[in-house]
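Here is what each chain is made of, one letter per residue.
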Number of protein chains: 2
Amino acid sequence: MNIGEVSERAGLPPKTIRYYEDIGLVRPLRSDNGYRAFRESDIHKLAFLGRARTLGFSIEDCRTLLGLYEDETRESAQVKSVAKEHLTAIDSKIAQLKSMRKTLSHLVDACQGDHRPDCPILEDLAKGS
Amino acid sequence: MNIGEVSERAGLPPKTIRYYEDIGLVRPLRSDNGYRAFRESDIHKLAFLGRARTLGFSIEDCRTLLGLYEDETRESAQVKSVAKEHLTAIDSKIAQLKSMRKTLSHLVDACQGDHRPDCPILEDLAKGS
DNA sequence: TCTAAGGCTTCCAGTTACAGGAAGCTCAAG
DNA sequence: CTTGAGCTTCCTGTAACTGGAAGCCTTAGA
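Residues numbered from 1 in each chain as written. Chains lettered and ligands numbered in written order. Predicted model: local features only at pLDDT ≥ 70, side-chain atom pairs only at ≥ 80, totals over all residues. Heavy atoms only, no water.

Draft legend 1. Spatial organisation of the overall build of chain A. A count of helices and strands for chain A gives six helices and two strands. Traced from its N-terminal end to its C-terminal end, chain A shows the element sequence α-α-β-β-α-α-α-α. Here the C-alpha atoms of chain A give a radius of gyration of 23 Å, more than 25% beyond the 14 Å that 2.2 N^0.38 yields for 129 residues. If you line up chain A on its principal axes, its C-alpha atoms span 70 × 40 × 20 Å. Evaluated residue by residue, chain A yields a buried proportion of 42% over its 129 residues. By element, 47% of the accessible surface of chain A is carried by carbon and sulfur atoms, the whole surface being about 7200 Å². (Helix = DSSP H or I, 4+ residues; strand = E, 2+ residues; numbered from the N terminus. Rg over C-alpha atoms; globule rule 2.2 N^0.38 Å. Buried < 20%, exposed > 50% of the residue type's maximum accessible area, 1.4 Å probe, protein only. Areas by Shrake-Rupley, 256 points an atom, 1.4 Å probe, with all protein chains shown as cover.)

What follows is the structure in structure tokens.
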């Protein structure tokens, strides 16, 4: 199967698929004309990767997860460990964003947003909280 | 004042300060020995930038905000507009992270995390939600 | 006076996960 | 036989820095 169809079926842009091959996440065969020839197993892997990326896992995490997926001797604890660390990272990102959001929304509310130059947002940035 | 002291006073690493000069956010003078010579106004700007970055504004937003800050003829509506757009972006990032968090925490909870290979996390990634 | 340690300089590479675009080969249709 | 779509590789750019190398400047101590 050519990259175009794979792209549709796996839900990933061709550029991304080529990139994943570049970094060794998938290894499609090649046809005589030089085109990539994907097997069902490649598509399966790509879809796996797409879903892992949707959950926010880094490429390196994805590589690890894919390795574990293909390793019959894995222990679920290994998978869980990767996922838990990622969950922690997500939590701290959320906390950071919420903190930004809080400050920023106060400032936005305090700003008149009219034609005059006076602005609490700039004042805050200028002198700190 | 040299970059080291400015770094401490503005709370930004020297590398970052040099970078900000590179991209034209600050324009410190130069001493005869070639060292950067920062004025109080430079430090003030750098601190402003540091706080704007802490609130998650992009460098380009920071450039805009700094420009507005120094523009006596600004209208607060311009500032508010930048801030509101950023707030919206923050909100959608939070929403996205929360969505990831929800799925992922369900999966993590469902995974035994023991020595056996069976893992709901991998199963989910393999076949999608 | 010489030296060694910092601090400063510039410049180049690496990071993350791709996207855009150019130049050129291949294939299917009319 | 030509045209257009699809494929290939390769190079560049993105965001916002960080790390490191090579080398100049300054200052304190032996």
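Right, picking up where we left off after that structure.
Draft legend 2. A look at the protein's contact with DNA strand D. In the region of DNA strand D, 19 residues are neighbours, and Gly4, Tyr35 and Arg36 of chain A together with Lys15 and Tyr20 of chain B sit closest. Counting only atoms of DNA strand D within 4 Å of the protein, the fraction found in sugar and phosphate groups is 66%. Between a phosphate oxygen of DNA strand D and a main-chain N or O atom of Gly4 of chain A, the distance comes to 2.8 Å. Here a phosphate oxygen of DNA strand D and a side-chain polar atom of Arg30 of chain A are 3.1 Å apart. Only helix H1 (3-10) and helix H2 (14-22) of chain A together with helix H2 (14-22) of chain B provide two or more residues apiece to the surface near DNA strand D. Considering each element in turn, the surface near DNA strand D owes the most residues, four residues, to H2 of chain B. Of the residues belonging to the surface near DNA strand D, the class tally is seven nonpolar, six polar and six charged. (Near = heavy atom within 4 Å. Polar contact = N/O pair within 3.5 Å; in protein donor to acceptor, adjacent residues only side chain to side chain. Nonpolar A, V, L, I, M, F, W, Y, C, P; charged D, E, K, R; others polar.)

Draft legend 3. Spatial organisation of the UniProt feature "domain: HTH merR-type" (unreviewed entry) in chain A. Within the UniProt annotation, "domain: HTH merR-type" (unreviewed entry) is assigned to residues 1-68 of chain A. With 62% helix and 6% strand, residues 1-68 of chain A has end C-alpha atoms that lie 26 Å from one another. (UniProt positions renumbered as here; feature names shortened; annotations may be inferred.)

Draft legend 4. Inspection of the packing of helix H1 (residues 3-10) of chain B against H2 of chain B at higher detail. Residue and element names in this part refer to chain B. The N-to-C vectors of H1 and H2 enclose an angle of 100°; their axes lie 9 Å apart at closest approach. With respect to each other, H1 and H2 are oriented roughly perpendicular. Contacts from Ile3, Val6 and Ser7 of H1 reach H2 at Pro14, Ile17 and Arg18. Residue composition of the contact of H1 with H2, by class: four nonpolar, one polar and one charged. (Axes fitted to C-alpha atoms, helices over the stretch in contact; angles between N-to-C directions. Parallel < 35°, antiparallel > 145°, perpendicular 65-115°, else oblique. Contact = heavy atoms within 4.5 Å.)

Draft legend 5. Region of the structure containing the packing of aromatic side chains. Residue and element names in this part refer to chain B. A complete count under the given rule lists four aromatic pairs over all chains for this structure. For the pair Tyr19 and Tyr20, a centre-to-centre distance of 6.0 Å together with 45° between the ring planes defines the contact as tilted. Given a relative accessible area of 4%, Tyr20 falls into the buried group. (Phe/Tyr/Trp six-rings, centres within 6.5 Å; stacked < 30°, edge-to-face > 60°.)

Draft legend 6. Spotlight on the domain arrangement of chain A. Splitting chain A by domain gives domain 1 (1-59) and domain 2 (75-129). Each of domain 1 of chain A and domain 2 of chain A has a C-alpha centre, and these two points are 35 Å apart. (Domains from an automatic or database assignment.)

Draft legend 7. View of the relation of the copies chain A and chain B. Mapping chain A onto chain B leaves a residual RMSD of 0.1 Å; the transformation is a rotation of 180° accompanied by 0.0 Å of translation along its axis. Here the copies are linked by what is in effect a two-fold axis. The rotation axis passes nearest to the C-alpha of Ile94 of chain A in chain A, at a distance of 2.9 Å. (Least-squares fit on C-alpha atoms with pLDDT ≥ 70 in both.)

Draft legend 8. Region of interest: the protein's contact with DNA strand C. The local shell around DNA strand C holds 19 residues, among which Lys15 and Tyr20 of chain A together with Gly4, Tyr35 and Arg36 of chain B are the closest. Taken together, the sugar and phosphate atoms account for 67% of what DNA strand C places within 4 Å of the protein. Tyr20 of chain A has a polar side-chain atom sitting 2.6 Å from a phosphate oxygen of DNA strand C. One nitrogen or oxygen atom from the side chain of Asn33 of chain A is found 3.2 Å from a phosphate oxygen belonging to DNA strand C. For the surface near DNA strand C, the elements supplying multiple residues, two or more each, are H2 of chain A together with H1 and H2 of chain B. For the surface near DNA strand C, the element with the highest residue contribution is H2 of chain A, accounting for four residues.

Draft legend 9. Focus on the nonpolar core. Among the nonpolar cores identified, the biggest contains 76 residues, and Leu46 and Phe57 of chain A together with Leu46 and Phe57 of chain B are the most heavily contacted of them. Setting aside residues up to four positions removed in sequence, Phe57 of chain B forms contacts with Leu104 of chain A together with Ala52, Cys62, Leu65, Val82, Ala83 and His86 of chain B. (Core = buried A, V, L, I, M, F, W, Y, C linked by side-chain atoms within 4.5 Å.)

Draft legend 10. Geometry of the pattern of salt bridges. All chains considered together, the criterion is met by 16 salt bridges over all chains. Two residues, Arg30 of chain A and Glu21 of chain A, come together in a salt bridge whose shortest N-O distance is 3.3 Å. What makes Arg30 of chain A partly exposed here is its relative accessible area of 44%. Taking relative accessible area as the criterion, Glu21 of chain A reaches 18% and is therefore assigned buried. A salt bridge links Arg36 of chain B to Glu21 of chain B; the nearest nitrogen and oxygen atoms lie 2.4 Å apart. With Arg36 of chain B in strand E2 (residues 36-37) and Glu21 of chain B in helix H2, this pair connects stretches of sequence that are 15 residues apart. Under the relative-accessibility criterion, Arg36 of chain B is labelled buried at 19%. (Salt bridge = Lys/Arg side-chain N within 4 Å of Asp/Glu carboxyl O.)

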